[in-house]
Amino acid sequence: MSVTVYVPGDSGARAVGADEVAVALAAEAAARGIDVAIVRNGSRGLYWLEPLVEVATPRGRVAYGPVAARDVAALLDAGILDADGAALDGGARDVDGAVHELALGRTDDIDWLASQQRVTFARVGVVDPRSPDDYEAHGGIAGLLAALGMPPAEVVEAVVASGLRGRGGAGFPTGVKWRTVAEAESSVKFVCCNADEGDSGTFADRMLMEGDPFTLIEGMAIAAYAVGASQGFVYIRSEYPDAVASMRRAITTARERGWLGTDILGSGVSFDLDVRVGAGAYICGEETAMLDSLEGRRGMVRPKPPLPAIAGLFGRPTVINNVLSLATVPTVLASGAEAYQELGVGRSRGTQVFQLAGNVARGGIVETAFGLTLRELVEGYAGGTRSGRPVRAVQVGGPLGAYLPAEQLDLRMDYEELAAAGAMLGHGGVVVFDDTADMMAQARFAMEFCAAESCGKCTPCRVGAVRGVEVIDRILVGPPGERAGQVALLEDLCELMTDGSLCAMGALTPNPVRSALSLWPQSLGAPS
Amino acid sequence: MSTEWSIEAGARVVADASGVPGPLLPLLLALQEEFGYVDPAAIQLVAKALNVSRADVHGVVTFYSDLRTTPPGARTVAVCRGEACQSVGGRALEAHAQERFGVGFGETTADGSVTLDQVFCLGLCALSPAVVVDGRALGRVTAARFDEVVGV
């Protein structure tokens, strides 16, 4: 009988040797005459344990990690593929009877995972991302079927009622956006998925596209039905080649299954989807710049209004949602808006997918209902810094998010509380820095990044970022007597960029700059 | 291995890739895929095929950092400069890579063996620092592992 073994095909797992593990496993099993079926699943999001190998047993999946290719023979010797070996409590044992040092027990019992509420990520790492049957067996397509069974307007209202807000960063209610597009008069409408996940510290979109691509397709098909669109695009950044391949493969499969095409699931509804790949421009994650890029041009930010919901791609009404927003829609439709709405706090409903990154002992994905504090994430899940040194700063919400000091770890991670503290949730990235971090260098980098990635349309951002780097350099190496004046100038520049920029890139770059300055150990105004 | 650039070969790629809506960027990416870079001579070809000005094409070519106008080195190496990588020694790795090859980001070694680039985030932020070597992403990269992977 064949044993099923899961070796993640997620690009994160591959970056630390999962392919080599899969090759070694196949070879060692063949040498021993054991029949294995290797599934390249997504990642469970426990990246410090990647490559995380799981063996299917009658007791559920049993995990081992982090597994290197050189560990594979010893693991097989310990009996991970034997019916009784992997079925042992806690996993396979070494010759001396001790549980193997890489054995993690049943995956579902790993506390880090068991304490989460995985809704959007329910299937990521669990299913075979290439298998439509596996997708359906794990509840896939139920949301689309439910949607097709009701009038489009009811689908829109269900999403409104769920309280789902855009997970890309701005947090705009998804259903309200859909309603605008649905009510717009046009013979042609589009649904676009923004998968230009450029924020450092974020990787949830990538993981979902690689680990559970059909969910995104299903969510987009539901959106298309709800608003009356017949064509969709997934705009994926070029830095994510595995996600591009995964989505293209899944779209082909979905067409074969009748989940896309001219007669979706026999309903007569028509919707098709294409992947478009970016070319290394951070600004294309801004929705109007993404539209320009989708139209094949420079990714330049457009002034709003008109909203893309009224005049978007090729001037037509367009739904633009983030990967996680669209991937959450099937659950909302399948389980009901109330079930989703019951999760969370205040006006932050449902779950949030946090991404723990940077200098952390345990990096990865934490999806829970809103209401967690930053401390629970950084000290709890992430286990503090990887270096073991004290935390100096945590950047929440990507390169445009503020640096929060260790004293602010008790902030609750929801849209409103973070906004009140001058920070933002963004796409849910949490990047931790220890006390060796040079905050002035981080402030300079924020300006440098903005200068490199600005689309150039508006002057405060295009010129302001360049001037910002220069002013910070003068603060650092200029005459100490002029420092106070330069700091005042930088403050002034930050204010101008915040108030005068066309989009969030220029307007939010001052967030990391100002907050990093406040964390700089030396007093800026005082002569050194 | 990339095809060698010629106007004739370029024209074939342009003819094949012009059918999509919003064709300019996909077409330029197709040219780069085929030849490893977008030859300046392709700009007029593309402008003519799409009935846009050469300035429009030039504008797109120079806007996107992925698009090159000179052939890349035999090997390509990109170091992530995102904040997550910076938090665990990414800046030292950036310096190490530049020193190793003796070139800055966006440059190719004099012998044409390596092109070194910067990249802003590979989505491997829980496995930082990260690099891409010949299209293959690697996480938890130390200076020693970097040297091992790039050889020499």
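Given the structure is predicted, the values throughout are model-derived calculations rather than measurements.

Considering the overall build of chain B
Helix and strand content of chain B: seven helices and five strands. Starting at the N terminus and walking to the C terminus, you meet the elements of chain B as α-α-α-α-β-α-α-β-β-β-β-α. Seen through its C-alpha atoms, chain B measures out along the principal axes to roughly 50 × 30 × 20 Å. For chain B, the proportion of contacts with a sequence separation of at least 24, taken over those separated by at least 6, is 57%.

Points about the sheet that holds strand β5 (residues 136–138) of chain B
All names here are of chain B. Read across the sheet, five strands follow the order β2-β3-β1-β4-β5 without closing on themselves; strand pairing throughout is mixed. Each of the sheet's edge strands pairs with one partner strand only, and the pair in question is β2 (107–108) and β5. Inspection of the sheet shows strand β1 (residues 75–80) paired to strand β4 (residues 131–133) by three bridges, in the antiparallel sense. Directly across from Ala-78, in β4, lies its bridge partner Val-132. Packed on one face of the sheet, helix α6 (residues 90–101) meets β1 and β3 (114–119) and runs near 155 degrees to β1.

Things to note about the packing of helix α1 (residues 7–17) of chain B against helix α2 (residues 24–35) of chain B
Residue and element names in this part refer to chain B. Viewed as axis vectors pointing N to C, α1 and α2 meet at an angle of 140 degrees, and their least axial separation amounts to 9 Å. Here α1 is positioned oblique relative to α2, judged by the angle of their axes. Taken as a pair, α1 and α2 cross one another with a handedness that is right-handed. Across the interface between the two elements, Gly-10, Val-13, Val-14 and Ala-17 of α1 pack against Pro-26, Leu-27, Ala-30, Leu-31 and Glu-34 of α2. Counted by class, the contact of α1 with α2 contains seven nonpolar, one polar and one charged residues.

Looking at the nonpolar core
Counting residues in hydrophobic clusters, the biggest one holds 212 residues, and the most contacted among them are Ile-217, Ala-221 and Ala-223 of chain A together with Ala-130 of chain B. It is helix α10 (residues 213–227) of chain A that contributes the most residues to this core, 11 residues altogether. For Ala-130 of chain B, the contacting residues outside a window of four places in its chain are Ala-15 of chain A together with Cys-80, Cys-85, Leu-122, Leu-124, Ala-137, Leu-138, Gly-139 and Val-141 of chain B.

Section: the interface of chain A and chain B
The partner chain B presents 33 residues to the 43 residues of chain A that form the contact. When contributions to the side of chain A that touches chain B are tallied by element, the ones reaching two or more residues are α1 (11–15), α12 (287–294), β12 (351–358) and β16 (429–434) of chain A. Tallying contributions element by element places β12 of chain A first for the side of chain A that touches chain B, with four residues. Of the residues contributing to the side of chain A that touches chain B, the split by class is 18 nonpolar, 17 polar and eight charged.

Here's the deal with the domain arrangement of chain A
All names here are of chain A. Here the domain parsing of chain A yields domain 1 (3–110), domain 2 (132–341), domain 3 (344–434) and domain 4 (439–519). Of note, the centres of domain 2 and domain 4, computed from C-alpha atoms alone, are 34 Å apart. Classifying every residue of the side of domain 2 that touches domain 4 by side-chain character gives seven nonpolar, one polar and one charged.

Some points on the domain arrangement of chain B
When cut into domains, chain B gives domain 1 (7–63) and domain 2 (75–150). A C-alpha centroid distance of 29 Å is found between domain 1 of chain B and domain 2 of chain B.

Quick look at the pairing of strand β6 (residues 190–195) of chain A
Strand residues, when the strand is regular, have side chains that alternate between the two faces of the sheet. Residues and elements named next belong to chain A. Of all six residues in β6, six are buried, a share of seventy percent or more. Residue alternation in β6 divides its side chains into two sets, Phe-190, Cys-192 and Asn-194 and Val-191, Cys-193 and Ala-195, and both sets are buried. In the sheet, β6 pairs with strand β7 (residues 231–236) via six bridges, with the strands oriented parallel. Within the sheet, the bridge partner assigned to Phe-190 lies in β7 and is Gln-231. For β6 and strand β9 (residues 318–322), the ladder comprises five bridges, and the chain directions are parallel. Counterpart to Cys-192 in the pairing with β9 is Ile-320.

Let's talk about the sheet that holds β6 of chain A
Residues and elements named next belong to chain A. Read from one edge to the other, the open sheet built from four strands follows the order β8-β7-β6-β9, with strand pairing classed as parallel. Both outer strands of the open sheet, β8 (272–277) and β9, are each paired with one neighbouring strand and no more. The sheet shows a mean angle of 20 degrees between the axes of neighbouring strands, taken without regard to direction.

A look at helix α17 (residues 439–453) of chain A
Residues and elements named next belong to chain A. The end-to-end C-alpha distance of α17, which contains 15 residues, comes to 21 Å, matching closely the 21 Å that a straight helix rising 1.5 Å per residue would cover. If you check which residues of α17 are buried, you get Met-439, Gln-442, Ala-443, Arg-444, Phe-445, Ala-446, Met-447, Phe-449, Cys-450 and Glu-453. In this fold, the buried residues of α17 make contact with β14 (391–396), β15 (403–405), α18 (459–477), α20 (504–508) and α21 (510–519).

What to know about the environment of Arg-316 of chain A
Residues and elements named next belong to chain A. Inspection of the secondary structure puts Arg-316 in the loop between α12 and β9. For the pair Arg-316 and Lys-189, spaced 127 residues apart in sequence, the C-alpha to C-alpha distance is 5.7 Å. Not counting residues up to four positions away in its chain, the partners in contact with Arg-316 are Ser-186, Val-188, Lys-189 and Phe-190.

A look at the packing of helix α3 (residues 41–50) of chain B against helix α4 (residues 54–63) of chain B
All names here are of chain B. Relative orientation of the contacting elements α3 and α4 amounts to 120 degrees, with a least axis distance of 8 Å. Between α3 and α4, the angle falls in the class oblique. With respect to the hand of their crossing, α3 and α4 are arranged in right-handed fashion. Residue-level inspection shows Ile-43, Gln-44, Val-46 and Ala-47 of α3 in contact with α4, the latter providing Arg-54, Asp-56, Val-57, His-58 and Val-61. Looking at the contact of α3 with α4 residue by residue, the class counts come to five nonpolar, two polar and two charged.

What counts and how
- Residues numbered from 1 in each chain as written.
- Chains lettered and ligands numbered in written order.
- Predicted model: local features only at pLDDT ≥ 70, side-chain atom pairs only at ≥ 80, totals over all residues.
- Helix = DSSP H or I, 4+ residues; strand = E, 2+ residues; numbered from the N terminus.
- Contact = placed C-beta atoms within 7 Å.
- Pairing = 2+ DSSP bridges.
- Axes fitted to C-alpha atoms, helices over the stretch in contact; angles between N-to-C directions.
- Parallel < 35°, antiparallel > 145°, perpendicular 65-115°, else oblique.
- Left-handed = near helix turned anticlockwise from the far one by under 90°.
- Nonpolar A, V, L, I, M, F, W, Y, C, P; charged D, E, K, R; others polar.
- Core = buried A, V, L, I, M, F, W, Y, C linked by C-beta atoms within 7 Å.
- Buried ≥ 20, exposed ≤ 12 C-beta atoms within 10 Å, placed from the backbone.
- Domains from an automatic or database assignment.
- Expected span 1.5 Å × (residues − 1).

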